[in-house]
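Chain by chain, the residues:
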Amino acid sequence: MLFLALIKHDPTARALVIAMPEVFPRVRHLTSAELRAFTLELVEALSDAAELDVDVTAQEVIAGRRATARIKADPAHHAQARKATSGDFGPPTTT
């Protein structure tokens with residue numbers, strides 16, 4: 001709760017944003033806006049985990065940003081991911 005209140009009153013959340021690369025080194029591949037968004041999402045998810053005993057959201061936030069960083073870390077994959085697509089690719093699959 002404390003971190004959530006802190007981040008809501010300090011839009012830059014400098015202390016938390018500065019600490020993120022030590023905990024999640026892959027964030028170096030994110031833009032500063034993506035890093036701030038990840039920090040806020042993670043703090044909200046961790047607040048839910050503490051208040052509601054639901055930790056799935058935090059795992060999803062971390063996995064989502066890990067996937068983003070992984071794609072952005074490889075310029076070829078990032079360029080491919082940014083290309084427009086068309087057509088129906090069928091139903092989503094789970095892996």
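This one's a predicted model, so the numbers in the text were calculated from it and none came from an experiment. (Residues numbered from 1 in each chain as written. Predicted model: local features only at pLDDT ≥ 70, side-chain atom pairs only at ≥ 80, totals over all residues. Heavy atoms only, no water.)

Asks: Even after reading the chapter, I still don't get the side chain of Arg 65, so can you show me in this structure?
Replies: Looking at the secondary structure, you find Arg 65 in helix α4 (residues 56-73). Taking the relative accessible area as the measure of exposure, Arg 65 reaches 15% and is therefore buried. Those residues within four positions of Arg 65 in sequence are excluded, and the remaining contacts are Glu 34, Ala 37, Phe 38 and Glu 41. (Helix = DSSP H or I, 4+ residues; strand = E, 2+ residues; numbered from the N terminus. Buried < 20%, exposed > 50% of the residue type's maximum accessible area, 1.4 Å probe, protein only. Contact = heavy atoms within 4.5 Å.)

Asks: Teacher, can you tell me more about the pattern of salt bridges here?
Replies: Pairing between side chains becomes possible if they bear opposite charge and their charged atoms approach one another. Throughout the structure, instances matching the rule amount to 2 salt bridges. The partner of Arg 65 in a salt bridge is Glu 41, with the nearest N and O atoms 2.7 Å apart. Placement of Arg 65 in helix α4 and of Glu 41 in helix α3 (residues 32-52) is noted, with a sequence separation of 24 residues between them. Of the residues examined, Glu 41 reaches a relative accessible area of 30% and is grouped as partly exposed. (Salt bridge = Lys/Arg side-chain N within 4 Å of Asp/Glu carboxyl O.)

Asks: Help me out: how do you make sense of the packing of aromatic side chains in this one?
Replies: Tallied over the full model, the rule gives 1 aromatic pair. Note on Phe 24 and Phe 38: the rings are 5.3 Å apart at their centroids and 70° apart in plane angle, and the pair reads as edge-to-face. Of the two residues, Phe 24 sits in the loop between α2 (14-23) and α3 while Phe 38 sits in helix α3, which places them 14 residues apart along the sequence. Phe 38 sits in the buried class, given a relative accessible area of 1%. (Phe/Tyr/Trp six-rings, centres within 6.5 Å; stacked < 30°, edge-to-face > 60°.)

Asks: What should I look at first to understand α4 in this one?
Replies: Residues lying three or four places apart along an α-helix face the same way, a consequence of the helix completing one turn every 3.6 residues. Over its 18 residues, α4 runs 26 Å from end to end, which matches the ideal 26 Å to within 8%, given 1.5 Å per residue. For α4, the complete set of buried residues consists of Ala 58, Val 61, Ile 62, Arg 65 and Ala 69. The arc that holds every buried residue of α4, seen down its axis, measures 95°, which confines them to one face. Counted as exposed and oriented over 90 degrees from the buried face of α4: Glu 60 and Arg 70. Where the residues of α4 are buried, they touch α3. (Expected span 1.5 Å × (residues − 1). Arc of directions from axis to C-beta.)

Asks: So what exactly am I meant to see when it comes to the packing of α3 against α4 here?
Replies: When two helices pack together, their arrangement is captured by the angle between the axes and the distance separating the axes. One way to put it is that α3 packs onto α4 with a least axis distance of 8 Å and a crossing angle of 160°. The angle between α3 and α4 falls in the class roughly antiparallel. Regarding α3 and α4, the two cross each other, and that crossing is left-handed. For the pair α3 and α4, contact is made by Glu 34, Ala 37, Phe 38, Glu 41, Leu 42, Ala 45 and Leu 46 and by Thr 57, Ala 58, Val 61, Ile 62, Arg 65, Thr 68 and Lys 72, respectively. Considered class by class, the residues forming the contact of α3 with α4 number 8 nonpolar, 2 polar and 4 charged. (Axes fitted to C-alpha atoms, helices over the stretch in contact; angles between N-to-C directions. Parallel < 35°, antiparallel > 145°, perpendicular 65-115°, else oblique. Left-handed = near helix turned anticlockwise from the far one by under 90°. Nonpolar A, V, L, I, M, F, W, Y, C, P; charged D, E, K, R; others polar.)

Asks: How should I be thinking about unusual backbone geometry in this particular structure?
Replies: Excluding glycine, residues mostly have negative phi values, and the peptide bonds linking residues are mostly trans. Non-glycine residue Asp 53 carries a positive phi angle of around 60°. Relative to the helices and strands, Asp 53 resides in the loop between α3 and α4.

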